[in-house]
Amino acid sequence: MVVDFEDLTGIPKEFIIRLKCYESIFMEYDFLEHFQDVENIHQLINEINDYCLDNKIIGYHYTNGFVNGFKEKGILVRSGKEIRQEFVERHFHLFTKEEQNQILDKWEKRFEEEDQRVRDNCVFFNFTKDALKNSGAELLLKYYGGEQIYFPIFQIPEIGKKLEKIGIPLILRCKLNPNVINTFIEYPWGKIAVSRYHRKVNPEAHQIDQDGYQYIGVHPEDIEIIKYNIL
């Protein structure tokens with residue numbers, strides 16, 4: 001079974017029935033933190049979390065790139081240096097010599113050892129599409145290459161314009177093993193699922209989602225590629 005937190009497909013009906021019992025609480029409060037420690041709800045969060053760990057989940061990876069590359073290779077795990085070197089080899093001819101020097105200088109100053117330790121050789125995901133509504137995915141979709149490329153340079157006007165034209169905005173809907181994903185909260189899958197149901201009942205509710213990351217790539221057969229139109 002594959003669980004998609006965006007629409008709660010893959011969540012067993014028995015859990016949905018139990019969630020319905022707490023709709024009055026969901027309507028009263030806008031934050032999961034206000035009621036997640038209620039004994040029965042806490043137990044439900046734990047059980048949903050365990051269920052997800054025994055199955056697959058959907059993660060959403062926002063990017064700007066080329067469809068064929070992901071169809072052929074999937075999502076690769078690489079260091080920032082490898083990503084930027086490939087960019088230089090494939091796309092540096094699009095930039096003037098002055099722009100090339102600016103890019104190299106900004107990269108050198110931004111991607112120091114600590115940043116490399118945090119970002120290198122891992123892939124990040126969200127688990128709902130909430131980032132499309134709160135601007136969390138805006139830059140990832142707009143500028144080519146991911147943060148390892150655009151982050152220090154997209155605000156330089158001419159460079160930013162060229163980065164927008166290299167690839168196209170893509171949402172990669174990925175089937176993942178939750179046991180290899182690193183997260184930042186306890187019982188993440190149970191909390192995201194219950195929070196999603198909470199939002200469906202109470203549109204004003206805060207949606208719990210977060211970055212999760214893994215140190216392995218995603219095979220092409222586990223990716224659905226969605227072209228996204230930026231308005």
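This section reports on the structure supplied with the text. From a predicted model like this one, the values you see are computed outputs, not experimental measurements.

## Notes on the overall build of the protein
Consideration 1: Counting its secondary structure elements, the protein contains eleven helices and six strands.
Consideration 2: With the C-alpha coordinates aligned to their principal axes, the bounding extent of the protein is approximately 65 × 35 × 30 Å.
Consideration 3: Here the protein, with 231 residues, has 48% of them falling under the buried criterion.
Consideration 4: Within the protein, contacts between residues at least 6 apart in sequence are counted, and of these 82% link residues at least 24 apart.
Consideration 5: For the protein, the exposed area adds up to about 12,500 Å²; of that, 48% sits on carbon and sulfur atoms.
Consideration 6: Treating the 29 positive side-chain charges of the protein as one cloud and the 38 negative ones as another, the clouds have centres 6 Å apart.

## Digging into the packing of helix α1 (residues 13-20) against helix α3 (residues 39-53)
Consideration 1: Orientation of α1 relative to α3, taken along the N-to-C sense of each, is 160°, at an axis distance of 11 Å. Between α1 and α3, the crossing angle belongs to the class labelled roughly antiparallel. Relative to α3, the crossing made by α1 is left-handed. Contacts between α1 and α3 involve Phe15, Arg18 and Leu19 on the former and, on the latter, Leu44, Glu47, Ile48 and Tyr51.
Consideration 2: Here the contact of α1 with α3 is built from residues that sort into five nonpolar, no polar and two charged.

## Observations regarding the environment of Ile216
Consideration 1: With respect to the element layout, Ile216 can be found in the loop between β5 (212-214) and β6 (223-227).
Consideration 2: What makes Ile216 partly exposed here is its relative accessible area of 45%.
Consideration 3: Sequence separation between Ile216 and Gly74 is 142 residues, and the spatial gap between their C-alpha atoms is 11 Å.
Consideration 4: In contact with Ile216, other than residues within four places in its own chain, are Val77, Val123 and Val180.

## Re the side chain of Asn126
Consideration 1: Within the secondary structure layout, Asn126 lies in the loop between β3 (123-125) and α8 (138-142).
Consideration 2: Engagement of the side chain of Asn126 in a polar contact is seen with the side chain of Asp211, the distance being 3.1 Å.

## Here's the deal with the sheet that holds strand β4 (residues 168-176)
Consideration 1: Read across the sheet, four strands follow the order β1-β2-β4-β6 without closing on themselves; strand pairing throughout is mixed. Of all strands in the sheet, those bounded by a partner on one side alone are β1 (2-3) and β6.

## Thoughts on the environment of Asp4
Consideration 1: Note that Asp4 resides in the loop between β1 and α1.
Consideration 2: In the structure, Asp4 is positioned 116 residues away from Asp120 in sequence and 27 Å away in space, judged by C-alpha atoms.
Consideration 3: Dropping the residues within four chain positions of it, Asp4 is found in contact with Thr9, Ile58, Tyr60 and Arg173.
Consideration 4: Within the structure, the side chain of Asp4 is placed 2.9 Å from the side chain of Arg173, a separation counted as a polar contact.

## Some details on the nonpolar core
Consideration 1: The biggest cluster of nonpolar side chains holds 37 residues, and the ones touching the most others in it are Phe5, Ile57, Ile75 and Phe127.
Consideration 2: Those elements that provide at least two residues to this core are α1, α3, α4 (67-73), β3, β4 and α11 (188-201).
Consideration 3: With 25 residues, the next largest nonpolar core counts Ile83, Phe92, Tyr144 and Phe154 among its residues.

## Structural notes on the packing of aromatic side chains
Consideration 1: With the rule as written, the count across this model stands at 19 aromatic pairs.
Consideration 2: Their ring planes at 80° and their centres at 4.9 Å tell us that Phe127 and Trp189 sit as a pair that is edge-to-face. You can see Phe127 sitting in the loop between β3 and α8 and its partner Trp189 sitting in helix α11, a full 62 residues away along the chain.
Consideration 3: By relative accessible area, Phe127 is classed as buried at 0%.
Consideration 4: Where Tyr213 meets Tyr215, the ring centres are 5.6 Å apart and the plane angle is 85°; that geometry is what we call edge-to-face.
Consideration 5: For Tyr213, a relative accessible area of 18% translates into the label buried.
Consideration 6: Site record: aromatic cluster; members linked through ring pairs are Phe66, Phe87, Phe92, Phe95, Trp107 and Tyr144.
Consideration 7: Across from the ring centre of Phe111, 4.0 Å away, lies the NZ or CZ of Arg84, which sits over that ring.
Consideration 8: Geometry around Phe151 places Arg119 over its ring, the cationic atom sitting 5.9 Å from the centre.

Calculation notes
Residues numbered from 1 in each chain as written. Predicted model: local features only at pLDDT ≥ 70, side-chain atom pairs only at ≥ 80, totals over all residues. Heavy atoms only, no water. Helix = DSSP H or I, 4+ residues; strand = E, 2+ residues; numbered from the N terminus. Buried < 20%, exposed > 50% of the residue type's maximum accessible area, 1.4 Å probe, protein only. Contact = heavy atoms within 4.5 Å. Areas by Shrake-Rupley, 256 points an atom, 1.4 Å probe, with all protein chains shown as cover. Lys, Arg positive; Asp, Glu negative; His and termini not counted. Charge placed at Lys NZ, Arg CZ, Asp CG, Glu CD. Axes fitted to C-alpha atoms, helices over the stretch in contact; angles between N-to-C directions. Parallel < 35°, antiparallel > 145°, perpendicular 65-115°, else oblique. Left-handed = near helix turned anticlockwise from the far one by under 90°. Nonpolar A, V, L, I, M, F, W, Y, C, P; charged D, E, K, R; others polar. Polar contact = N/O pair within 3.5 Å; in protein donor to acceptor, adjacent residues only side chain to side chain. Pairing = 2+ DSSP bridges. Core = buried A, V, L, I, M, F, W, Y, C linked by side-chain atoms within 4.5 Å. Phe/Tyr/Trp six-rings, centres within 6.5 Å; stacked < 30°, edge-to-face > 60°. Lys NZ or Arg CZ within 6 Å of the ring centre and 35° of its normal.

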